[in-house]
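Fold and contact review
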Amino acid sequence: SLYVSPFESLATLHADAQAVLGELQALLGDVAGSMQTLQSCIVLQQNYLGEDNRHTLHTAVRLATIFHENDDLDAALELFMRAVQGLHRNSFQGDPVYLIAIISLAVVYVDRKEYKLAMPVLGEAMSVHEKVLGDLHVRTLCCYTHVFHNMIKLGDGDALVAFACEILSKLAQNPDHQCMSTPEAKELLKFSRRIQSKLLHKGNDMPSVTFRSQTDALSAISSALSQFDKRFAQVDNQNISIDSQWRDE
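Before going into details, it helps to say that this report is about the structure given with it. Only a predicted model underlies this, so the values are computations on that prediction, with no experimental measurement involved.

Regarding its fold elements, the protein chain presents 10 helices and 0 strands. Listing every helix and strand of the protein chain by position from the N terminus yields α-α-α-α-α-α-α-α-α-α. Taking all 249 residues of the protein chain together, 43% fall into the buried category. Only carbon and sulfur atoms are counted for the fraction: they give 52% of the accessible area of the protein chain, which is about 13,000 Å².

So, in structure tokens, the structure goes:
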């Protein structure tokens, strides 16, 4: 039913006010007070709105973010996971807070050095960001950089090259360079060139990364970079300037 009782409306307003107060406390440096306020808010919301209510889950993400910022990774993990599961269960994957929660959950796993657990969560984060925001939105590009970092930790060079080629193809489809002016896009290109450099010079960069066939990996990443450069050279000829930093290694 779409009917919302006056009591539920008042409970929602009360909880929302507490949530805002908790955020203000955090901004003013009262971290302990903020945590206490948001925890009280969640209890209120659970009692009157339900554990899977969107307002309850949003507050859980607010509190999890504060825990994460203050290095309480266990508490942050529990709350981000609860929020992701609750929002997913209620088909709220398009909710902006879900996007925050899913990538934050992945980052917490990375911070805990649980790189294998982080990978499927990063995959879900990429998928939902691409679906909701598009492949070249800055927040989607940020997801890609997190995946690169995690793949380097896992050391699977072949998966890393395949992912780099996929991202270069996406970036090359951008006709107006708008996304390429972002730090995230520049970092993605830099990652790809680092992979090529490692394969060419066999240096100490990314020492944990190994390849089944360095020749095949070098051929794949070099081809993808060449196609990327050709694509933007074509746009150059149409009088669209390219920031030279993109090409810096």
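All right, on to the packing of aromatic side chains then. With the rule as written, the count across this model stands at 3 aromatic pairs. Seen in terms of ring centroids, Tyr 144 and Phe 163 are 6.1 Å apart; in terms of plane orientation they differ by 75°. Their pairing is edge-to-face. Placement of the pair is Tyr 144 in helix α7 (residues 138-154) and Phe 163 in helix α8 (residues 157-172), with a sequence separation of 19 residues. No difference in accessibility class separates Tyr 144 from Phe 163, as the two residues are buried. Ring plane angle 15° and centroid distance 4.9 Å describe the contact between Phe 148 and Phe 191, whose orientation is recorded as stacked. Of the two residues, Phe 148 is situated in helix α7 and Phe 191 in helix α9 (residues 183-201); the sequence distance between them amounts to 43 residues. Phe 148 sits in the buried class, given a relative accessible area of 0%. With relative accessibility at 3%, the residue Phe 191 sits in the buried group. Through a chain of ring-to-ring contacts, three or more aromatic side chains come together here, namely Tyr 144, Phe 148, Phe 163 and Phe 191. For Arg 54, the ring lying beneath its charged end belongs to Phe 92, and the centroid distance is 4.1 Å.

Scoring rules and cut-offs
- Residues numbered from 1 in each chain as written.
- Predicted model: local features only at pLDDT ≥ 70, side-chain atom pairs only at ≥ 80, totals over all residues.
- Heavy atoms only, no water.
- Helix = DSSP H or I, 4+ residues; strand = E, 2+ residues; numbered from the N terminus.
- Buried < 20%, exposed > 50% of the residue type's maximum accessible area, 1.4 Å probe, protein only.
- Areas by Shrake-Rupley, 256 points an atom, 1.4 Å probe, with all protein chains shown as cover.
- Phe/Tyr/Trp six-rings, centres within 6.5 Å; stacked < 30°, edge-to-face > 60°.
- Lys NZ or Arg CZ within 6 Å of the ring centre and 35° of its normal.

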